[in-house]
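As a plain string of letters, each chain reads:
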Amino acid sequence: MSQPSLLVLYGSQTGTAQDTAQRIGRQAQRRRLQVQVLPLDHYNVVRERGWPLNVPSRPGLISESLVVFVSSTAGQGDPPDNMKNFWKFVFRKSLPVGSLRNLDCAVLGLGDSSYPKFNFVAKKLQKRLLQLGASALLPVGLADDQHDLGADAVIDPWLDAFWEKVFSLYPSMAAVIPLREDEPLPPTYTFHFLDDVSEKTEDRLRIPTEQSVPSQSRPFPARLVSNCRVTDSSHFQDVRHIEFDISGSDIQFSAGDVVMMYPCNAPEDVQQFCELLRLDPGATFSLRATGSTAVPPRLPQPCSVRHLVEKYLDVAAVPRRSFFELLSTFATNEVEKEKLLEFSSAAGQDELHSYCNRPRRSALEVLADFPHTTAELKVDFLLDLFPEIQPRSFSIASSLLAHPQRLQILVAVVRYKTKMYKPRRGLCSSWFASLDPRAQGAVYVPLWVKKGSLRFPKEKDPPVIMVGPGTGLAPFRSAVQERIAEGKHDNVLFFGCRSESKDFFYRAEWEEKMEAGHLTLFTAFSRDQEEKVYVQQRVRENAELLWDLIANRSACFYIAGNAKDMPSSVCDALKEVFQQEGGLSSEEAEQMLLTMERTGRFQSETWS
């Protein structure tokens, strides 16, 4: 049998599945296989007419012989954004059984077992591929972020088993001499610097003039109207209420929807990066692909080094193992090379975790720690070494019915200490904190809106019960504003924070709505008394009201906020309400909550 060509397709929400897919692609290249790595929605599943010209074309899934699918799971068991079209297609009932009978495939899922729908997408995809006649080379891989050694504890042995299976299917591969691990692979792109072109500010802004529905590929440059701190100056956390003017955008949204945007790297990080790599930030270049990969659409042609580093390369992120693998191929200093090889090996993951993940050391700081290797880096490899900055999502905290042509969000500025000298900062929230339209003049933020995971009832009758401590309050502020404007006044809100005087967001607004009879509010201020009080205690205390609303009036129950302990604690409290007021057994209470979830009457939106 001749050598196969390998197709690696991925669905990735935060970039982790993409990184793993690209790792598989590099392993295939070292084994001298023809390989292509693509997002699932960039793959022409059926070779349809009208396929975008800038997307590499292949014959279609029914003609593929060897495919690896790598996918994360988003939201409440949803596929990532860049595989949603593929997901709809592959689950069409009209697809004939046996249509993928020529396909050998393997499915690798990346997930977090602290979430109830752990690796749901990968499990469901494998099952569907088998229904369509594909042959699975391996059981579905279920990588888990909660493992002591992270996802690689599953990925490493899964990949070993995958290659072993491929070699058994294609014996001719045994005669191929693979590339050495320390031999650099060709770069995906080459940089061609332009001597007669200088950086232009308007190029860096790239504000589109054509009319179109705002999307990830065509975001709308919304004017920043205000950026106000809403926590007391003495409070440890800086939380911002941020408002955008979306006039002329045609953006529409409902309660529960989210706004998306790409953050920028800090100016000092851009400067340090350019100094370390001896790059002129004002220099411009054109980018050319060395293979079939398309040039990233977010990068203008020509592009300045400053634009590339400020808006595209994720230099402030904690680097993944693949970063060290590639960096090691440039190392000539023996001490640095030995350390980089250790960090990129399976046996060195404990050391890498201690060096990088635990203190949250950034890729930029790693470059500074390995000066000899950094000096050897070639600019052509920058897009292979650094991932693209991923878009951030925020629950919209306002309603167009209450604030026409405006979009508001509630953002906690992330800042914390580790053993590193400099405090750690959240990239997007710190970027937001730096934006000040009063001092900087007109500030525009390119953004777009997408459907969130929370859905509120369209009917007027069902009451809604919302539990949103901290910034988890954001989608419920949108919901309350929208529902009141629609004449829906049965709104119950449980809000928790540390202190009534320091971080009680939108207090005056809630009091006004309570006085009008449009809202019932229960608060839990955890640090205002000796014994801490949390929202789950307020849920228990109001068992009679909640049982009446849920059992007799078909109320919907919502949770939003940090995924650590709060959601499970609130669920436990709610099941206690069912037992106490409804006389249900523990098993019956559990079943009632599951039934509510299945019918959309219990929904949650949590983040880590």
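Numbers given for residues are sequential positions, taken from 1 along each chain in its written order. Reporting in this predicted model follows two pLDDT cut-offs: at least 70 for local features of residues, and 80 or more for side-chain atom pairs to be given and counted; totals over whole chains, interfaces and linings ignore these cut-offs and use all residues. Excluding hydrogens and water, the side-chain values take into account all heavy atoms of the structure.

The name given to the protein in an unreviewed UniProt entry is NADPH-dependent diflavin oxidoreductase 1, with Champsocephalus esox as the source organism. UniProt positions are given in the numbering used here, feature names are shortened, and annotations may be inferred rather than shown by experiment. The UniProt entry for the protein carries the following comment under Catalytic activity (unreviewed entry): "2 oxidized [2Fe-2S]-[protein] + NADPH = 2 reduced [2Fe-2S]-[protein] + NADP(+) + H(+)".

Basic side-chain nitrogens of Lys or Arg form a salt bridge, by our definition, when they fall within 4 Å of a carboxyl oxygen of Asp or Glu. Considering all chains together, one arrives at 34 salt bridges under this definition. Residues Arg321 and Asp152 are paired through a salt bridge, measuring 3.3 Å at the closest nitrogen-oxygen approach. With Arg321 in helix 8 (residues 321-328) and Asp152 in helix 4 (residues 152-169), the pair connects residues that are 169 residues apart, well separated along the chain. For the residue pair Arg321 and Asp152, the accessibility class agrees, reading buried in each case. Secondary structure elements follow DSSP: runs of H or I of four or more residues count as helices, runs of E of two or more count as strands, with numbering from the N terminus. The cut-offs for exposure are 20% and 50% of the maximum accessible area for each residue type, with area from a 1.4 Å probe on protein chains only; residues under the lower value are buried, those over the upper are exposed, and the others partly exposed.

Let us look at the UniProt feature "binding site: FAD" (unreviewed entry) in the protein. The residues that UniProt annotates with the feature "binding site: FAD" (unreviewed entry) are Arg360, Arg392, Ser393, Phe394, Ser395, Gly426, Leu427, Cys428, Ser429 and Trp607. In summary, the annotated positions, distributed over 248 residues, remain apart in three dimensions as well, the widest C-alpha pair reaching 25.5 Å. You can see Leu427 is positioned in helix 14 (residues 427-434). Of the residues examined, Leu427 reaches a relative accessible area of 14% and is grouped as buried. Look past the residues within four positions of Leu427 in its chain and what remains in contact with it is Pro263, Cys264, Asn265, Asp314, Ala316, Ile389 and Arg392. For Cys428, the position within the fold is in helix 14. When residues no more than four places from it in sequence are discounted, the contact partners of Cys428 are Pro263, Arg392 and Phe394. Here a residue-residue contact requires only that any non-hydrogen atoms of the pair lie within 4.5 Å.

Membership of the largest hydrophobic core comes to 40 residues, with the highest contact counts inside it found for Phe273, Leu308, Leu313, Leu382, Leu383 and Phe386. Residue contacts for Leu313: discarding those within four places in its chain leaves Asn265, Phe273, Leu308, Leu382, Leu383, Phe386, Pro387 and Ile389. In this text, buried Ala, Val, Leu, Ile, Met, Phe, Trp, Tyr and Cys residues form a nonpolar core when linked through side-chain atoms within 4.5 Å.

Further remarks concern the packing of helix 9 (residues 334-344) against helix 10 (residues 349-357). Fitted lines through C-alpha atoms give the axes, limited to the stretch in contact for helices. The angle between two N-to-C directions lies from 0 to 180 degrees. It is at 7 Å that the axes of helix 9 and helix 10 come closest, and there the two elements cross at 105 degrees. Judged by the inter-axis angle, helix 9 sits roughly perpendicular to helix 10. Between helix 9 and helix 10, the contacting residues are Lys339, Glu342, Phe343 and Ser344 on the first element and Gln349, Glu351, Leu352 and Tyr355 on the second. Residue type decides the class: Asp, Glu, Lys and Arg count as charged, Ala, Val, Leu, Ile, Met, Phe, Trp, Tyr, Cys and Pro as nonpolar, and the leftover types, Gly among them, as polar. Taken together, the residues that form the contact of helix 9 with helix 10 break down as three nonpolar, two polar and three charged. Geometric relationships in this document are graded by angle, where less than 35 degrees denotes roughly parallel, more than 145 denotes roughly antiparallel, 65 to 115 denotes roughly perpendicular, and other angles denote oblique.

The next thing to look at is the sheet that holds strand 12 (residues 303-304). At least two bridges found by DSSP between two strands are what make those strands a pair. Strand order in the open sheet formed by three strands is 7-11-12, with antiparallel pairing between adjacent strands. The open sheet has two free edges, formed respectively by strand 7 (189-194) and strand 12, since each of these has just one partner strand. Sheet analysis places strand 7 next to strand 11 (residues 284-289), joined by six bridges and oriented antiparallel. Residue pairing in the sheet places Tyr189 in a bridge with Ala289 of strand 11.

Here we have six strands laid out as an open sheet, ordered 13-10-17-8-9-14, and antiparallel in their pairing. Each edge of the sheet is formed by a strand with only one pairing partner; in this case those strands are strand 13 (392-395) and strand 14 (406-412). Averaged over all neighbouring strand pairs, the angle between strand axes comes to 40 degrees, with direction disregarded. In terms of strand pairing, strand 10 (residues 258-261) meets strand 17 (residues 444-450) through four bridges, oriented antiparallel.

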